[in-house]
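Summary of structural features
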Amino acid sequence: MEIPSAGNFLERIIEEDIENQVYQRPIHTRFPPEPNGYLHIGSLYAININHSAAKKFGGEFNLRYDDTNPLKEDMEYVNAILEDMKWAGYDPGKNIFYGSDYFDTIYDLTIKLIERGLAYVCDLTADQMREYRGTLTTPGTDSPYRDRGIQENLNLFTQMRDGKFIPGERVLRAKIDMASPNINMRDPAIYRILEAEHYRSGAKWKIYPMYDYAHPIQDAIEGITHSMCSIEFKDHRPLYEWVLNSLDFAFPEPPKQREFGRMNITGAITSKRYLRQLVALNYVDGWDDPRLPTVKGLRRRGFTQASIHNFLNEIGIARDMSTVDISMLEHCLREDLKSKARAVMAVLDPLPVTITNYPEGVEEYVDVEYNGENPDLGKRQLPFCKKILVEREDFMETPEKGFHRLYPGNEVRLKGAYFIKCAEVVKDESGNVIELLCTYDPETKSGSGNVTRKVKATLHWLSAEHNIPARVNLYGRLLADENISGEEIDWTQYVDPNSKIVLENVRVENLINPQPEDKFQFLRHGYFVVDMKRTDEKLTFNRIVSLKDTKKR
RNA sequence: UGGGCUGUCGCCAAGCGGUAAGGCACAAGACUUUGACUCUUGCACACGAUGGUUCGAAUCCAUCCAGCCCAGCCA
């Protein structure tokens, strides 16, 4: 078999294993989320690493719910996780597994482990265990129960299984080395008693295996070859290998764990714990709030599958933690959207303009063409008449230096239509500009070939008679790029009050049958998506990304 | 101060002994029926620091410095 060239250090490891024929089976990877929260961009990063490695080497990819703690898991999350994975383009197909389905197998293997004298039941309390464990700089001391006989351990473990003890009363521990400099190897607990209804196995079990013990076995059962996880598990690798080694009779070609650095994005929070707080405390509208980096949030904000894939491939894979600038993500979206989003005209903050010399009651259609990546997406006819709407920010009574748009006496082009010149400014009693009176030059109609003079600005506009109301939600960065820590967090200092701004008076072209998640580009205002969640009489848009900052010229 | 991991441009990131890819961001300019898009150009005599090995080092060795992770019966 021709081996594809490795793209990163993880793939290089796999490539080497293939060359050395380490496995008699195809490459097999997995993504093992605990169903206790929603997927976010960081999850996608981990999924992508495992998924694309399998794909690249013609292997298999599993989704396995890592559900060994019934206290935290819920069906709500297993559904959401699968849905998000599919949406993001990582459909596991039939390869969907549940760690809890292996409870019987793991139990049987554990009996063997005890018979081999490699695990023992410990009566120490959690507090005592902590004391016996020692510290980072001092070795631990053996539990007084460490040398219990095999038969006694077997009996006790069986009783644990049968519910003879209460949670915390006893625990099964791996017998490794209390003096190990690696704390994970100081006789870690591998089975604990839990009193809870498991969302899947119900009340069948009273004991549940710990992650460190269950994970290698789960991987091995599924035939995983490369178990790629994040860097904080690096110290757990010796334990992962110890488990598989101790069960060598069952798994002759054990999987190997390899680690990659976690990926963070500036201004985004990806800790499930904090995400949960933001949602619970109502600082955001829910798990799908567009300001959140959750898959559902990104989706509602308008990110596309292609943009996310592009981003993930672009940033690469690091061995250590990295913090990618969010502008990279936004760039990837812009890149994808410029050839897909329909270009339309929308006036976010309308200022009425009356074209005084334009015939009353006359209505004509003008061709508007937008010169984007895909011109066809911006080609259409728009109604034009005596009364129109322009952007308020496109007018300045006393123009600052470099301002070329509307100001008294200045002439500009209306995109697709005519040149107009600002003749008079109408104000209300408090001095606010409420209308502009302009004149137009019939000779300057767009496309007429009239090039007798030039103007320095082109404005987007809308017929005051033919447009529809819309509501626009502008979502900014939610959180400061700071390290947040502590149990009780005062989110008010992290949530920017301007992170969500609602514009009510927006007017847009009469869009024909827009669908949820449809993407549009509002000229000079950036990309917008029809909010999939709102169903008002008004059309509702979410801002996706801005165009580059417009500088005064 | 025990153990593990990482240090290449503001941010990602190639590089694996032969003389610093690329992307984002940023800056300047060209083009333009929007100041967007596109295009052009610039942006690390330098690879955490210091020594050493070598004809030659970001790449090897040594020491030091900085950052991250680990003391759940969470994952």
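The rules behind the values
- Residues numbered from 1 in each chain as written.
- Chains lettered and ligands numbered in written order.
- Predicted model: local features only at pLDDT ≥ 70, side-chain atom pairs only at ≥ 80, totals over all residues.
- Heavy atoms only, no water.
- Helix = DSSP H or I, 4+ residues; strand = E, 2+ residues; numbered from the N terminus.
- Buried < 20%, exposed > 50% of the residue type's maximum accessible area, 1.4 Å probe, protein only.
- Contact = heavy atoms within 4.5 Å.
- Areas by Shrake-Rupley, 256 points an atom, 1.4 Å probe, with all protein chains shown as cover.
- Lys, Arg positive; Asp, Glu negative; His and termini not counted.
- Charge placed at Lys NZ, Arg CZ, Asp CG, Glu CD.
- Axes fitted to C-alpha atoms, helices over the stretch in contact; angles between N-to-C directions.
- Parallel < 35°, antiparallel > 145°, perpendicular 65-115°, else oblique.
- Left-handed = near helix turned anticlockwise from the far one by under 90°.
- Pairing = 2+ DSSP bridges.
- Salt bridge = Lys/Arg side-chain N within 4 Å of Asp/Glu carboxyl O.
- Domains from an automatic or database assignment.
- Buried area = accessible area lost by both parts, 1.4 Å probe.
- Polar contact = N/O pair within 3.5 Å; in protein donor to acceptor, adjacent residues only side chain to side chain.
- Core = buried A, V, L, I, M, F, W, Y, C linked by side-chain atoms within 4.5 Å.
- pLDDT = per-residue confidence, 0-100.

Quick look at the overall build of chain A now. Helix and strand counts for chain A stand at twelve helices and 27 strands. Its C-alpha atoms put chain A at 105 × 55 × 40 Å along the principal axes. For chain A, with 553 residues in total, the buried portion stands at 52%. Long-range contacts, defined as pairs at least 24 residues apart, comprise 71% of the intrachain contacts of chain A with a sequence gap of at least 6. Here chain A displays about 25,700 Å² of accessible surface, and carbon together with sulfur accounts for 47% of that area. For chain A, the distance from the average position of its 72 positive side-chain charges to the average position of its 85 negative side-chain charges is 3 Å.

Looking now at the packing of helix H4 (residues 103–115) against helix H6 (residues 150–161). At a minimum axis distance of 9 Å, the contact between H4 and H6 shows a crossing angle of 155°. Overall, the two elements H4 and H6 adopt an arrangement that is roughly antiparallel. Here H4 and H6 pass one another in a crossing that is right-handed. Where H4 approaches H6, its residues Tyr107, Thr110, Ile111, Ile114 and Glu115 are matched on the opposing element by Ile150, Asn153, Leu154, Phe157, Thr158 and Arg161.

Let's shift gears to the sheet that holds strand S2 (residues 60–65). Strand order in the open sheet formed by three strands is S1-S2-S3, and the pairing between neighbours is parallel. Here the strands that pair on one side only, and so sit at the sheet edges, are strand S1 (28–31) and strand S3 (96–98). Taken over all neighbouring pairs, the strand axes of this sheet differ in orientation by 35° on average, direction set aside. Bridge count between S2 and S3: three bridges; the pairing is parallel. Among the inter-strand pairings, Arg64 is bridged to a residue of S3, identified as Phe97. Running over the sheet, helix H3 (residues 75–87) touches S1, S2 and S3 and is turned about 155° from S2.

Two strands pair when backbone bridges link them, and strand S18 (residues 411–414) and strand S19 (residues 419–427) are joined in this way by three bridges, in the antiparallel orientation. Paired with Val412 across the strands is Ile420, a residue of S19. Two successive antiparallel strands, S18 and S19, enclose a turn made up of four residues, where Gly416 displays a positive phi of approximately 80°. Both S19 and strand S20 (residues 433–441) contribute to a ladder of eight bridges, which runs antiparallel. From the neighbouring strand, Glu424 faces S20, where its bridge partner is Leu437. The turn joining S19 and S20, which pair antiparallel and follow one another in sequence, is formed by five residues; a positive phi near 90° is taken by Gly431.

As a further point, take the pattern of salt bridges. The full count for this structure, using the stated rule, is 43 salt bridges. A network of salt bridges, in which partner residues are shared, links Asp123, Arg148, Glu152 and Arg170.

Looking now at the domain arrangement of chain A. Annotation of chain A at the domain level lists domain 1 (9–260), domain 2 (265–341 + 470–545) and domain 3 (346–460). Using C-alpha coordinates to define each centre, domain 2 is positioned 32 Å away from domain 3. Every contact between the two is made by 15 residues of domain 2 and, on the other side, 17 residues of domain 3. In total, about 1,500 Å² of surface goes out of reach between domain 2 and domain 3, with carbon and sulfur atoms giving 60% of it. Our enumeration of links across domain 2 and domain 3 arrives at three salt bridges. Between Arg524 and Glu393 there is a salt bridge, with its nearest N and O atoms 3.2 Å apart. At the boundary of domain 2 and domain 3, one finds six residue pairs in polar contact (both at pLDDT 80 or more). Of all the secondary-structure elements, those providing two or more residues to the side of domain 2 that touches domain 3 are strand S24 (500–508) and strand S25 (519–522). Examining the composition of the side of domain 2 that touches domain 3, we find that five residues originate from one element, S24, more than from any other.

This brings us to the sheet that holds strand S4 (residues 119–122). In space, the four strands of this open sheet follow the order S4-S5-S6-S7, with antiparallel pairing throughout. Of all strands in the sheet, those bounded by a partner on one side alone are S4 and strand S7 (207–209). Adjacent strand axes in the sheet meet at a mean angle of 20° when their direction is disregarded. Note: S4 against strand S5 (residues 171–174), four bridges, orientation antiparallel. Its bridge partner lying in S5, Cys122 is registered against Val171. Across the sheet, H4 is in contact with S4, S5, strand S6 (189–193) and S7; its angle to S6 comes to roughly 120°.

Judged by nonpolar contacts, the single largest core of 49 residues is most densely connected at Met263, Phe311 and Leu312. Per-element accounting of this core gives the leading share, eight residues, to helix H2 (residues 41–56). For this core, the domains that each give at least three residues are domain 1 (9–260) and domain 2 (265–341 + 470–545). Dropping the residues within four chain positions of it, Leu312 is found in contact with Leu44, Tyr45, Asn48, Tyr90 and Met263. Grouped together as the second largest cluster of nonpolar side chains are 36 residues, Ile111, Phe165, Ile193 and Trp205 included.

Looking now at the confidence of the model for chain A. Mean pLDDT for chain A: 93, with 96% of residues reaching 70 or above. Our summary of model confidence lists the complex with pTM equal to 0.94 and ipTM equal to 0.95.

Where helix H11 (residues 305–315) meets helix H12 (residues 326–337), the closest approach of the two axes is 8 Å, and the angle between their N-to-C directions is 135°. When the axis of H11 is compared with that of H12, the two are oblique. Considering the relative orientation of H11 and H12, their crossing is right-handed. Only Met328, Leu329, Cys332, Leu333 and Asp336 of H12 make contact with H11, whose side of the interface consists of Ala306, Ser307, Asn310, Phe311 and Ile315.

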